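The chain contents come next:
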Amino acid sequence: MSNERLSPVADADEVEVRDPRSGLTAKAGLGDRLFGGSARGAAVFILILMAAIAAFLIYQAAEAIGKDQVNFVTSFTWDPDGNSTPNGQPEFGIAAIAWGTLVTSVIGVLLGAPVAIGVALFITQYLPRKIGSVFGYIVDLLAAVPSVVYGLWGLLVLDQHMSGVSKIIEDVLGWIPLFKTDGTYGSSMFTAGVVLAIMILPIIAAIAREIYKQTPREQIEAAYALGATRWEMIRLAVLPYGRSGVTSAIILGFGRALGETIAVAMVLTQVPGLVTRILQPGGNTIAANIAVQFGDAFTTGRQALIASGLVLFLMTLIVNYAARVVVRRAGKAGS
Amino acid sequence: MKFQRYGSVAGIAVAAALALSACGSDNGASTASTTPASSAGGSSASSTAAACPSGTLKAAGSTAQANAISQWTKDYQGQCTGVTVDYNANGSGAGVTSFIQKAADFAGSDYALSTTQAGQVTSAGRCGTGSAVDIPVVPGAIAVIFNVPGVTSLNLSAKVLAGIYNGTITTWNDAQIKADNPSATLPALKIQPFMRSDTSGTSYNFSAYLNALGGFSAANKQFPSKVAQGVKGSSAVAAKVKSTSGAIGYAEYSYATQDSLSYAEVSNASGAFVQLTQANAANFIAKAKVTQNGSDTKLAFDYTYAASDAYPATLVTYEIACGTGNDATQLPLIKGFLNYITSSAAQGELTSLGYVPLPSSIAAADATAIASLS
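These figures come from a predicted structure and were not determined experimentally.

Definitions and limits used
- Residues numbered from 1 in each chain as written.
- Chains lettered and ligands numbered in written order.
- Predicted model: local features only at pLDDT ≥ 70, side-chain atom pairs only at ≥ 80, totals over all residues.
- Heavy atoms only, no water.
- Helix = DSSP H or I, 4+ residues; strand = E, 2+ residues; numbered from the N terminus.
- Buried < 20%, exposed > 50% of the residue type's maximum accessible area, 1.4 Å probe, protein only.
- Contact = heavy atoms within 4.5 Å.
- Areas by Shrake-Rupley, 256 points an atom, 1.4 Å probe, with all protein chains shown as cover.
- Lys, Arg positive; Asp, Glu negative; His and termini not counted.
- Charge placed at Lys NZ, Arg CZ, Asp CG, Glu CD.
- Polar contact = N/O pair within 3.5 Å; in protein donor to acceptor, adjacent residues only side chain to side chain.
- Axes fitted to C-alpha atoms, helices over the stretch in contact; angles between N-to-C directions.
- Parallel < 35°, antiparallel > 145°, perpendicular 65-115°, else oblique.
- Left-handed = near helix turned anticlockwise from the far one by under 90°.
- Nonpolar A, V, L, I, M, F, W, Y, C, P; charged D, E, K, R; others polar.
- UniProt positions renumbered as here; feature names shortened; annotations may be inferred.
- Phe/Tyr/Trp six-rings, centres within 6.5 Å; stacked < 30°, edge-to-face > 60°.

Draft legend 1. Representation of the overall build of chain A in the model. A count of helices and strands for chain A gives 11 helices and 2 strands. Along its sequence from the N terminus, chain A presents helices and strands in the succession α-α-β-β-α-α-α-α-α-α-α-α-α. Seen through its principal axes, chain A has C-alpha atoms that stretch 70 × 60 × 35 Å. Here chain A holds 335 residues, and 47% of them are scored as buried. In chain A, of all internal contacts separated by at least 6 residues, the share reaching a separation of at least 24 is 72%. Carbon and sulfur atoms make up 68% of the accessible area of chain A, which amounts to about 17,300 Å² in all. A distance of 7 Å separates the average location of the 24 positive side-chain charges in chain A from that of its 23 negative side-chain charges.

Draft legend 2. Inspection of the side chain of A:Gln270 at higher detail. Within the secondary structure layout, A:Gln270 lies in the loop between helix H9 (262-267) and helix H10 (286-293). In this structure A:Gln270 comes out as buried when scored by relative accessible area, which is 7%. Only 2.7 Å separates the side chain of A:Gln270 from the side chain of A:Asn284, close enough to count as a polar contact. Among the polar contacts made by the side chain of A:Gln270, one reaches the side chain of B:Ser197 at a distance of 3.2 Å. In this structure A:Gln270 touches A:Gly283, A:Asn284, A:Ala288, A:Asn289, A:Val292, B:Met195, B:Ser197, B:Ala228, B:Gln229 and B:Gly230, once residues within four positions along its chain are discounted.

Draft legend 3. Here's a closer look at the packing of helix H3 (residues 95-126) of chain A against helix H4 (residues 129-144) of chain A. Residue and element names in this part refer to chain A. Axis separation between H3 and H4 bottoms out at 8 Å; the angle between their running directions is 155 degrees. When the interaxial angle is binned, H3 and H4 end up roughly antiparallel. Where H3 crosses over H4, the handedness of that crossing is left-handed. On H4, the residues touching Val 119, Phe 122 and Ile 123 of H3 are Gly 132, Phe 135, Gly 136 and Val 139. Here the contact of H3 with H4 is built from residues that sort into 5 nonpolar, 2 polar and no charged.

Draft legend 4. Local environment of the UniProt feature "transmembrane region" (unreviewed entry) in chain A. Those places that UniProt annotates as "transmembrane region" (unreviewed entry) correspond, in this numbering, to residues 42-62, 96-122, 134-153, 185-208 and 304-323 of chain A. A distance of 25 Å separates the end C-alpha atoms of residues 134-153 of chain A, which is 90% helix and 0% strand.

Draft legend 5. Seen up close, the packing of aromatic side chains. Residues and elements named next belong to chain A. Overall, the coordinates contain 20 aromatic pairs over all chains when judged by the stated rule. Taken together, a centroid distance of 6.1 Å and an interplanar angle of 25 degrees make the contact between Phe 122 and Tyr 126 stacked. Here Phe 122 and its partner Tyr 126 are both found in helix H3, 4 residues apart, which amounts to about one turn of the helix. Overall, the relative accessible area of 36% leaves Phe 122 in the partly exposed class.

Below you can see the structure in the form of structure tokens.
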């Protein structure tokens, strides 16, 4: 099951696959042509579909941004239908909601990822295989809970209990402006971050579990042979092996947190402008803003929301790309 | 190494797909999730009663009047078995958009058409050469709901409310609140004002009241407060006020009674405090100025009216249809249904649903407006 034994097999596969395409086997039957054709059709179709969606979104977004009377990138207001502007002209900017999206997602990952990695290590390295797989199923079940349920739970249960924790954090870290409040807590970006942490936990845990399971037996045994304790073995063999994969898992969780809509919209109360105090009620994210505003938005409003969706997509791409660079650097430094 | 590289690429691809699908499902949810609760009635067109048109009437819009419309739909479909009324309660803005795109025969809206929307109707040629008209149908009262431990009744003047929503009054034991409530024991608790984050007729009418009597910013369907926390929908405002100590908010009267929340007496033009009852609200609405321009009927509340039995924080929602240029096959349906819902029988049901019935003078104005639709 080691990598060295897998790779020659993979090479042999590639050689066999290459043969028919280079025309060395001449008798391509009807089945071949049908299958090849439908596979090619599916590939072309998905490309055309993606291109059409992208073109539609970019067209709509460009139209809205063209009408925007303030800077789309730096403005804190969101009023694309001109409800509050003197002449009803559209004024909207992405800055405040993009900030809220990033802050809640970062809080979610900071709280969720360590727990998820702990869960994955416990399941793969500490529990017997059979109990571990049962435990794994239970963690996976968390991912099957609809996000609206997390939203309801966050709104009705968690929110009531966040003021105590928030107050302690403010007492300790209140000298940092980020953690200051006006004396009210709950419904904050921090609360939303906690809900997000729980929502992304099963994704990160499931992937990390699969990766840690693949740790080469030889390396584990080598670590033990050197007299390592279990923790030292994990640090020497399991964690370095899984580093790039688990980083990808965290990015995946971050992506989910960035795009999470209903749960955040339910937990977070929206206040106009930029919110810098993360423990105080109020804040907004791109996805929650879309969920709240879409029903009542008029033409420009909808196009502006599509533009904000594109920004969200762009943010996800940038985060992914940055993470890929980090992982590649770390991989090079490690080997 | 190979596995790791593929792992990270796959992770990126899936994360990107998740983000995309998140956007996609938002759009889908907003347009499709609120399927009408009103289409439950039978649609079999076996027997058609006299004076009943037949066919399917499509409408969309305001959630504020959804309860009334769904009750009326049931009644009307009972009377006229050949008619199916589909009211998609997807929000005023979405309703007007569906109306302009000819996906709805009329729209329910929490506010009269704005000039921009009227322009869109004209440029889309929705009503041929004609224009869209507003018909006020469902009035209601706005309750100022609060959650202050140990306090069940409060007098809140429009000036104090404006101060709270401007951020100049921040604690419940503020001298200005105390002055209006000498007997109440007010705690030194932070005030947490709540508002609607979505655009709403409740916000529009409440800000109109605060603007007229409390010197607040101009009336706006996007509530003009920089300090209040916004949540989506009146039910969420009510839920937040119920669960948050020190909270204050505004919602239609029925939400206050359903959630058994305390609501304040608010001040009128003479500074006197008026209790919120449906009768008091009806008295105030009856004094509204009716402006009729062709079939277009608009209400303007008279905030200077200061009778002690007239509750001044009220709202009215409209139906929006074409004044002229309605679809010829749908016209009898539109007229039939609108006539029914402005009739005294239909309006009589509003009280038990938590709304306020139209005063007879306005109902009469509506009747002439509906008769002239073509």
